[in-house]
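Next come the chains, spelled out residue by residue.
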Amino acid sequence: MKLILDNIGLLQHAEISLRKLCVIAGENDNGKSTIGKIVFCIVKAINRYREDLQESKEFWVGEKREEIYFRLREALRHTSTEVLDVLRGIHMSSRHRLNAKEQLASIDESIDRVLALAELSAEDRQEVIALRDEIEAKLDQPEDIKQSIENALNKVFASEFDASLLLQGAKEGRIQLLENDLTLIDLVVTDDRVRLMGEVEPVALKDATFIDSPLILNHHDVLARSQTLLDMDQRRAAPYRLGQSFTTLHTKDLFEKLRTPVLPFDLLSPNDATGAYHVLANLQALIDGEVAYDKTERDFVFRRPSGAAISIKNTASGIKVFGLLKMLVANEFVAKDTVLIFDEPENHLHPKWQLKLAEVLIKLVESGVYVLVSSHSPYLIEALKRGVDRAELATEARFALAKEKNIRDEDRLSDIFSVLAEPFEAFRQMDAEDLRDE
C-alpha cells in the first residue's frame, strides 16, 4: 500500500509505501509522527464504522422508547401497580444490553401488555403506535455504508488531531491510500470536516496500536478517568464532569489495551505458526519478569519470578518498553495483519536497549506484524537496517527521510545518516577552532 498526503499535519507533501517495516527518520517538526497518526486513524475508522452505525441506531431507538414511555404515562389517567411495572420496564430497559431489534421486540411486548391492562383513547393509542412504527421504519432502512465510514473518519480524526489535521495556513488537504492502481480511500480535508471521495475498498489491516511513550504506564490515575472527543460523541457515555481530563485517541486506545488481563504465556506453543511464542520468549528474557495491570492495586506493577510486585513507576524505562510490548503481543493486540506504530522509542532507551528493541521489531515483522517507526536515533536505525539485511527483508522495508515537511517514497539511508550526523560535524568544527586557538 502507498499513503499520499498533501497539506496534512506538519507535512506539505508525503508519499510512502507502507511495507512490513517502515522507518521514517529526520529532525523534529518535519512530520515524522503525522504518517503514523494518519495510518492509525484510517485503520481505526474503517474497522469501527459498523460499531458506530449500530450504536447510532441503538441510541435512536432508545430515544423513541423514552418518548413511548412518557406518552403512555401521560395518557394513562388511572394506573394499577401492574401497569406501572410495565411502564417502568419500558424506561428501565435502557440499562440492558439490547440491540435495536431486541429493543423493538421488548417495546412491542410492553405496548401490548399496557393496552391489554388499561384503556387508552383512540388518539393516544394512535400516537403510541406511530412512535413504534417509526422505530421499525428506521431499522428497515438500508445502511449508507459510505456515509457511515465518512462519519467514523471524522470522529476518529477529531479525536486524534483535534483542530490540527490540516497544515497550518492551508485551505484544503488530501489523504489517499492506494494499492497499485486501486484507490482504497480518498479523502479531502477542509477546516470543518473530512469528505470521502468515491467508495472505500477493504483494508487488510485489522487494528492499529500507536505507542509514543512507555510512560503511559506511570499515569494510570489520570488516564483511567480521561476521555477522548470520541467518548464525548458517544451519547451513552457518562455526562461531562467538571475537571474531566481529555487525551488523544491513540493514548486511550493503548491504555485500555494494556489494562486487559494478560493471557498466560504457557498457552502458546513453541510451534506457534504466528511466531508470537518466540517474540514473547525474547521479551521474557529481556525483562526477566512480568508487567501487568493489578486490579487490587489499581495500577501497573512489575513482578520478578522470585520477588514481590513493585509499582511500575519504580522501574527503568527499558522494563516499561519491553513489558508494554509483551502485554500487547500476549493479548494479540499486536499480531499478524495489525500495525504497530512506535513514535521515537529511543527517547526512553539506552543505546544498548535500542539494539534489543530493533531485534524485537524485526521478529514482529517476520511474524506478520506491520511495524512503522519514526526515529532520529542512528543506533536504532542502523540496528533495524542490519536486522533487515540478516532476515532478508529488504523488499519488505522502507527507510524514508522527513525533511523540510516533505517525504519522498524512496530509501534514503545515506541522507538519513548525513542528517543525523550533523551534530558530530558541529563537534568537529569546535575541535578545529580549539586547535587554531592553541
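Just so we're clear, the structure is a prediction, and the values are computed from it rather than from any experiment.

Participant: What's the story with the overall build of the chain in this structure? I'm lost.
Facilitator: When its secondary structure is counted, the chain shows 14 helices and 14 strands. Scored against the burial criterion, the 438 residues of the chain give a buried share of 47%. The contacts in the chain between residues at least 6 apart in sequence include a share of 71% that link residues at least 24 apart. Surface summary for the chain: the accessible area is close to 22,500 Å², and the carbon and sulfur share equals 49%.

Participant: Explanation requested: the layout of surface pockets in the structure shown.
Facilitator: Where empty space is left can be seen by rolling a probe of water-molecule size over the atoms. Estimated volume of the second largest pocket: approximately 340 Å³. Around the second largest pocket, the lining comprises 13 residues; the ones closest to its centre are Glu359, Ala383, Arg386, Gly387 and Arg390. Broken down by secondary-structure element, the contributors of at least two residues to the lining of the second largest pocket are α11 (351-366) and α12 (378-390). Here the lining of the second largest pocket is composed, by residue class, of 6 nonpolar, 1 polar and 6 charged.

Participant: Quick question: what am I supposed to make of empty space enclosed by the protein here?
Facilitator: Tallying each qualifying case throughout the model produces 3 cavities of 30 Å³ or more. Taken as a whole, the largest cavity holds about 70 Å³ of empty space. Lining the largest cavity, in full, are Met1, Leu18, Arg19, Lys20, Cys22, Val39, Leu205, Val339, Tyr370, Val371 and Leu372. Residue contributions to the lining of the largest cavity peak at 3 residues, all from strand β12 (residues 370-375).

Participant: Please explain the nonpolar core as it appears in this structure.
Facilitator: Buried together is how nonpolar side chains tend to be arranged in soluble globular proteins. In this structure, Leu217, Leu258, Leu361, Leu364 and Phe399 are the most contacted members of the largest nonpolar core, which totals 56 residues. No other element matches the 9 residues that helix α10 (residues 317-330) contributes to this core. If near-sequence neighbours (up to four positions away) are discounted, Phe399 is found in contact with Val23, Ile381, Leu384, Lys385, Val388, Glu410, Asp411, Arg412, Leu413 and Ile416. Ala45, Ala152, Phe210 and Ile407 belong to the second largest nonpolar core, which has 49 residues in total.

Participant: Got a minute to help me understand the pattern of salt bridges in this structure?
Facilitator: Side chains carrying opposite charge are able to pair once their charged atoms draw close together. Applying the stated criterion across every chain yields a total of 32 salt bridges. Between Arg259 and Glu256 there is a salt bridge, with the nearest N and O atoms lying 3.5 Å from each other. The partner of Arg412 in a salt bridge is Asp415, with the nearest N and O atoms 3.0 Å apart. Taking relative accessible area as the criterion, Asp415 reaches 31% and is therefore assigned partly exposed. By sharing partners, the salt bridges in this structure join Lys2, Glu15, Arg398, Asp409 and Asp411 into a single network.

Participant: Please explain the packing of aromatic side chains as it appears in this structure.
Facilitator: How two aromatic rings sit relative to each other is given by the distance of their centres and the angle of their planes. Under the defined criterion, the tally for this structure stands at 6 aromatic pairs. Judged by centre distance (4.9 Å) and plane angle (65°), the ring pair of Tyr69 and Phe70 falls under edge-to-face. The buried category is assigned to Tyr69, whose relative accessible area is 10%. With centroids separated by 6.2 Å and ring planes inclined at 75°, the aromatic side chains of Phe255 and Phe300 adopt a geometry described as edge-to-face. You can see Phe255 sitting in helix α8 (residues 249-258) and its partner Phe300 sitting in strand β9 (residues 299-303), a full 45 residues away along the chain. Looking at Phe255, the relative accessible area reads 0%, which means it is buried. Among the aromatic residues, ring-to-ring pairing joins Phe255, Tyr293 and Phe300 into one connected group. Looking at Lys20, its charged tip hangs above the ring of Tyr370, at a distance of 5.3 Å from the centre.

Participant: Could you clarify how one ought to interpret the side chain of Lys320 in this entry?
Facilitator: Its location among the elements puts Lys320 in helix α10. It is Asp299 that comes nearest to the buried, bridge-free Lys320 among opposite-charge side chains, at 10 Å. Once residues lying within four places of it in the same chain are set aside, the contact partners of Lys320 are Pro214, Leu215, Leu217, Asn218, Ile312, Lys313 and Thr315.

Participant: What is the right way to look at unusual backbone geometry in this model?
Facilitator: Even without a glycine there, the phi angle at Asp337 is positive, about 65°. With respect to the element layout, Asp337 can be found in the loop between α10 and β11 (338-343). With relative accessibility at 21%, the residue Asp337 sits in the partly exposed group. Not every positive phi belongs to a glycine, and Lys405 is a case in point at roughly 65°. Within the secondary structure, Lys405 sits in the loop between β13 (397-403) and β14 (406-407).

Participant: Would you mind going over the sheet that holds β14 with me for this structure?
Facilitator: Backbone-to-backbone hydrogen bonds pair the strands of a sheet. The strands run either parallel or antiparallel. Strand order in the open sheet made by the 11 strands is β6-β5-β4-β1-β2-β14-β13-β3-β12-β11-β7, with mixed pairing throughout. Looking at strand neighbours, the two that pair on one side only are β6 (194-196) and β7 (207-211), the edges of this open sheet. Pairing geometry for strand β4 (residues 173-179) and strand β5 (residues 182-189), over 7 bridges, is antiparallel. Directly across from Leu177, in β5, lies its bridge partner Ile185. Seen against the sheet, α10 touches β7 and β11 and runs at an angle of roughly 170° to β7.

Participant: It is not clear to me how the sheet that holds strand β8 (residues 290-294) should be interpreted in this structure. Could you clarify?
Facilitator: Reading across the sheet, the 3 strands line up as β8-β9-β10 and stay open at both edges, with antiparallel pairing between neighbours. In this open sheet, the two edge strands, each paired with only one partner strand, are β8 and β10 (309-311). Direction aside, the axes of adjacent strands within the sheet are offset by 40° on average. Two strands pair when backbone bridges link them, and β8 and β9 are joined in this way by 5 bridges, in the antiparallel orientation. For Glu290, the partnering residue across the bridge sits in β9 and is Arg303. Of the strands in this sheet, β8 and β9 are in contact with α10, which crosses β8 at around 70°.

The rules behind each value
- Residues numbered from 1 in each chain as written.
- Predicted model: local features only at pLDDT ≥ 70, side-chain atom pairs only at ≥ 80, totals over all residues.
- Heavy atoms only, no water.
- Helix = DSSP H or I, 4+ residues; strand = E, 2+ residues; numbered from the N terminus.
- Buried < 20%, exposed > 50% of the residue type's maximum accessible area, 1.4 Å probe, protein only.
- Contact = heavy atoms within 4.5 Å.
- Areas by Shrake-Rupley, 256 points an atom, 1.4 Å probe, with all protein chains shown as cover.
- 1 Å grid on protein atoms, 1.4 Å probe; cavity = no way out; pocket = protein on both sides within 12 Å on 5 of 7 lines; lining within 4 Å.
- Points joined across faces, edges and corners; volume = space filled by probe spheres on them.
- Nonpolar A, V, L, I, M, F, W, Y, C, P; charged D, E, K, R; others polar.
- Core = buried A, V, L, I, M, F, W, Y, C linked by side-chain atoms within 4.5 Å.
- Salt bridge = Lys/Arg side-chain N within 4 Å of Asp/Glu carboxyl O.
- Phe/Tyr/Trp six-rings, centres within 6.5 Å; stacked < 30°, edge-to-face > 60°.
- Lys NZ or Arg CZ within 6 Å of the ring centre and 35° of its normal.
- Lys, Arg positive; Asp, Glu negative; His and termini not counted.
- Pairing = 2+ DSSP bridges.
- Axes fitted to C-alpha atoms, helices over the stretch in contact; angles between N-to-C directions.

Nothing here speaks to function; it is all geometry.
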